[in-house]
Structure formats: structure tokens, C-alpha cells
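Observations on the three-dimensional arrangement
As a plain string of letters, each chain reads:
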Amino acid sequence: ASTDAKVVSTWDFGVPANREAWQVLAAGGNALDAVEAGARWAETGQCNSTVGRCGYPDRDGFVTLDASIMQGDGSCGAVAALQDIDHPISVARKVMEKTPHVLLVGDGARQFAIAEGFTPHSLRTPEAEQAWREWLETSRYQPEINAERRGIPGNRENHDTIGMLALGRDGRMAGACTTSGMAWKMHGRVGDSPIIGAGLYVDDQVGGATASGVGEEMLRNAASFLVVELMRQGLSPADACRGAIERVVKKRPEASKSLQVCFLAMNTHGEVGAFALHQGFVYAVCDAQRQDALLESPSVYTT
Ligand code: SD4
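Please read these numbers as outputs of a predicted model, since none were measured by experiment. (Residues numbered from 1 in each chain as written. Predicted model: local features only at pLDDT ≥ 70, side-chain atom pairs only at ≥ 80, totals over all residues.)

Some points on the site of the ligand
For clarity, the cut-off: Only the C-beta atom matters for nearness: placed from the backbone, it must lie within 6 Å of the molecule or strand for the residue to count as near. All residues other than Ala, Val, Leu, Ile, Met, Phe, Trp, Tyr, Cys, Pro, Asp, Glu, Lys and Arg, Gly among them, are scored as polar; the first ten of these are nonpolar and the last four charged.
Not every one of the 15 residues close to the ligand is listed here, only the nearest: Thr161, Gly181, Gly191, Ser212 and Gly215. Among the residues forming the shell around the ligand, the class breakdown is two nonpolar, 11 polar and two charged.

Take a look at the structure:
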């Protein structure tokens, strides 16, 4: 059956990222190629402190990247704590297509990338270096909600991970999620983004979900899997995202007041929904009717 193609992604840079993915879909390309193209744009087409090149380092000064990619038939690949490589999403795809594994981490992921032809180079920019040195003066790890958007300098939450979901004309779906993780994280910390079921999950029978925000909460709740399973039970994408947020709150009500968690979901009919813990989460939608839509997610807390 021929479906209307669509791509959705997290945050305002999802608009240009979707455009890249849309070029693939509009030309009749599949969802997998579309999400890889969109995520690649986010990794290097901009200089953003939370994804790919220009990402802020961990507390020891290392820029370590996490990414995952998944198709609705269950095939998936991921890399975590990958250093020196521009396009973790493409390395994740190679893990999916060329290895018997799902997840490669750290030096093993880096070696695999180099063997696959990726060129290693330092990703730490002078701006990231300076921000890190400023952070070292207090060394306080306390992510602020939407800090960057609210113009709070210094201690930033950095939750601008790109999570992207695409539906191809053939009715098949794919998703991608790529990030430099939380700034000033401990060296070796891995978030939700490269963990299938936490930061990303896609099932052609139901739909897909992706997450942004403080990854520990997604990991605790197998959150993207939870969103997809709630849709499988009949909930709309928006209600499924709300259900997962409610689970996060129920598990850690106090912590939930001061950290951000955001979910974005799309089902196989192309219905889209989102829900966040705190106000400020925006997501981008692109299809044949509207190319540059940026929508505000509802949230539990509105301040
Ligand atoms: C993480 N979920 O590593 C990611 C953070 C994020 O933009 O969304 N960053 O926990």
C-alpha cells in the first residue's frame, strides 16, 4: 500500500534536518536513507553544542558521541562513547548492516569506524573547549531545564539531541537518534540515545518513538519502547507519549520537577504526537503538505 511519506524530528533544528530527509523521501527513497540523511545534517551541517561535531565534552574534556538507527523490521545498530568521528549515525548504520552486533562502544566503535573508511579527527572546537574550561571552575553538574533556550549561560542542560522518525511511501518506518550526550557527563557515561528501546524504537506494526532530555530517565523506563507499546495497545502517539511521561513522573516525582524529558512518536498511519515533562519542547514535521512546521509539545509543567 502506498502511504504518504512523512518525517518528524526533535527541536527546532529538526526543521532543516527534516528538509534533508524529505529530499530522500520525495525522490521515492526509503525511510532508512531519509533518517540517516537528516541525522547526518544535524551532526555536521550546523555547529551545535549537543550533537556531533561541536558537541560539548564530558568533564574530562573528551567529546564522546552516541547514536542509534532502527528500521521497522527490527534491524538496528548503534554506537556509544564514540570519539573523533564526524558521523556516528552512519557508523551505527554500518554496525547494523555489516556486523552480527547491535551496539559497539568506545575504542572498539572507533576502530570499526576507521576500518570502514571514516577519518578520525578531533571534534572539540575552541568554543567547546572554552565552555569546558569555564565549567571546570565550578564543576557543578546540574542540568537546567531548557537552559540554552532560556539564555541561561554556563550550566546547560544540552538536551538538543536529534531524534528523527520517517515513514516511507512503502509504509515502512525508520528512526535515528544522535547526540553528544549531556555536557559535562562522567567519562564513559552513555545516555539513552544509542540504546534501542530507550532513546529510539521503531516497529512497522505500530510506529516509532524517540526521546530527548535527561537520558537516565529514558533508560530507567525503557521509554521509547514503552511509547511504542502504548501505541500498540491502541493509544494515539500523543497519548502514548503522555503515558510514558506519566511513568517517568510516577517513578521519580521529585526529580521530575527539575529535569526535562521529551518524547516524540509517529504511528504507521502518519499520526504524530509529542509530550514533555516541562514546557519548551518543540518538534518539526515535514510532509507533502507542510515542509517546515514547528510545533510546541504539551507538557506536564508549564513553567
Ligand atoms: C542523553 N538524551 O544523552 C540525551 C541528551 C539529550 O541533547 O537529549 N541531549 O541523555
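Comments concerning the sheet that holds strand β8 (residues 207–213)
Short version of the rule: Note on pairing: two strands pair once DSSP finds at least 2 bridges between them. Only runs of H or I of at least four residues qualify as helices and only runs of E of at least two qualify as strands under DSSP, and these elements are numbered from the N terminus. Helix axes are fitted to C-alpha atoms over the stretch in contact, other axes to C-alpha atoms as well, and angles between N-to-C directions run from 0 to 180 degrees. Two residues form a contact once the distance between their C-beta atoms, set from the backbone, is within 7 Å.
Here we have five strands laid out as an open sheet, ordered β7-β8-β9-β10-β13, and mixed in their pairing. At either margin of the open sheet sits one strand with a lone partner, and together these are β7 (200–203) and β13 (299–301). Adjacent strand axes in the sheet meet at a mean angle of 10°, parallel and antiparallel pairs treated alike. In the sheet, strand β10 (residues 272–278) pairs with β13 via two bridges, with the strands oriented parallel. By the bridge assignment, histidine 278 is partnered in β13 with tyrosine 301. Lying over the sheet, helix α7 (residues 223–232) contacts β7, β8 and β9 (261–267), oriented at roughly 145° with respect to β8. Sitting on the sheet, helix α8 (residues 237–251) is in contact with β8, β9, β10 and β13, with an inclination near 25° to β10.

A few points about the nonpolar core
The test is simple: What we call a nonpolar core is a set of buried Ala, Val, Leu, Ile, Met, Phe, Trp, Tyr and Cys residues whose membership is set by joining through C-beta atoms within 7 Å. Residue burial here comes from a neighbour count, namely the number of other C-beta atoms, placed from the backbone, that lie within 10 Å of the residue's own C-beta, with 20 or more meaning buried, 12 or fewer meaning exposed, and in between meaning partly exposed.
Formed by 96 residues in total, the largest nonpolar core has its most connected members in Ala21, Val35, Ala166, Val227 and Phe263. Counting residues per element, this core draws most heavily on helix α2 (residues 31–44), which supplies eight residues. Beyond its immediate stretch of four places on either side in the chain, valine 227 contacts Ala209, Ala240, Cys241, Ala244, Phe263 and Ala265.

As for the sheet that holds strand β11 (residues 282–287)
Taken together, the eight strands give an open sheet; going across it, the order is β4-β3-β2-β6-β5-β1-β11-β12, and neighbouring strands pair in mixed fashion. Here the strands that pair on one side only, and so sit at the sheet edges, are β4 (103–105) and β12 (293–296). Neighbour to neighbour, the strand axes of the sheet diverge by 15° on average, direction disregarded. Across six bridges, the pairing between strand β5 (residues 162–167) and strand β6 (residues 173–179) is antiparallel. Across the sheet, residue isoleucine 162 finds its bridge partner in β6, namely threonine 178. Each of β2 (65–71), β3 (76–82), β4 and β6 is contacted by helix α3 (residues 88–98), which is oriented at about 130° to β3, the strand it contacts most. Packed onto the sheet, helix α4 (residues 106–115) meets β3 and β4 and runs at close to 105° relative to β4.

Observations concerning the environment of asparagine 30
Positionally, asparagine 30 belongs in the loop between α1 (14–26) and α2. The class of asparagine 30 is partly exposed, set by 18 C-beta atoms lying within 10 Å. Taking C-alpha positions, asparagine 30 is 38 Å from lysine 250, a pair spaced 220 residues apart along the chain.

Brief notes about the packing of α7 against α8
Which entries qualify depends on this criterion: Roughly parallel means an angle under 35 degrees; roughly antiparallel means over 145; roughly perpendicular covers 65 to 115; every other angle is labelled oblique. Crossing handedness is defined as follows: a turn of the near helix away from the far one that is anticlockwise and smaller than a right angle gives a left-handed crossing, while the clockwise case is right-handed.
Between α7 and α8, whose axes approach to 8 Å, the crossing angle comes to 135°. Of the possible angle classes, the one that applies to α7 and α8 is oblique. Crossing geometry of α7 relative to α8 is assigned as right-handed. The segment α7 lies against α8, with Ala223, Leu226, Val227, Leu230 and Met231 engaging Pro237, Ala240, Cys241, Gly243, Ala244 and Arg247.

Remarks on the confidence of the model for the protein
The condition that has to hold: Per-residue confidence from the predictor is reported as pLDDT, which spans 0 to 100.
Across the protein, pLDDT averages 93, with 94% of residues at or above 70. Every residue in residues 151–157 is under pLDDT 50, and counting partners more than four places away or in other chains gives 18 contacts.

Quick word on the packing of α2 against α3
At a minimum axis separation of 8 Å, α2 and α3 run at an interaxial angle of 145°. Along its contact with α2, which presents Glu36, Ala39, Arg40 and Glu43, the element α3 presents Pro88, Ile89, Ser90 and Arg93. Residue classes in the contact of α2 with α3 are distributed as three nonpolar, one polar and four charged.

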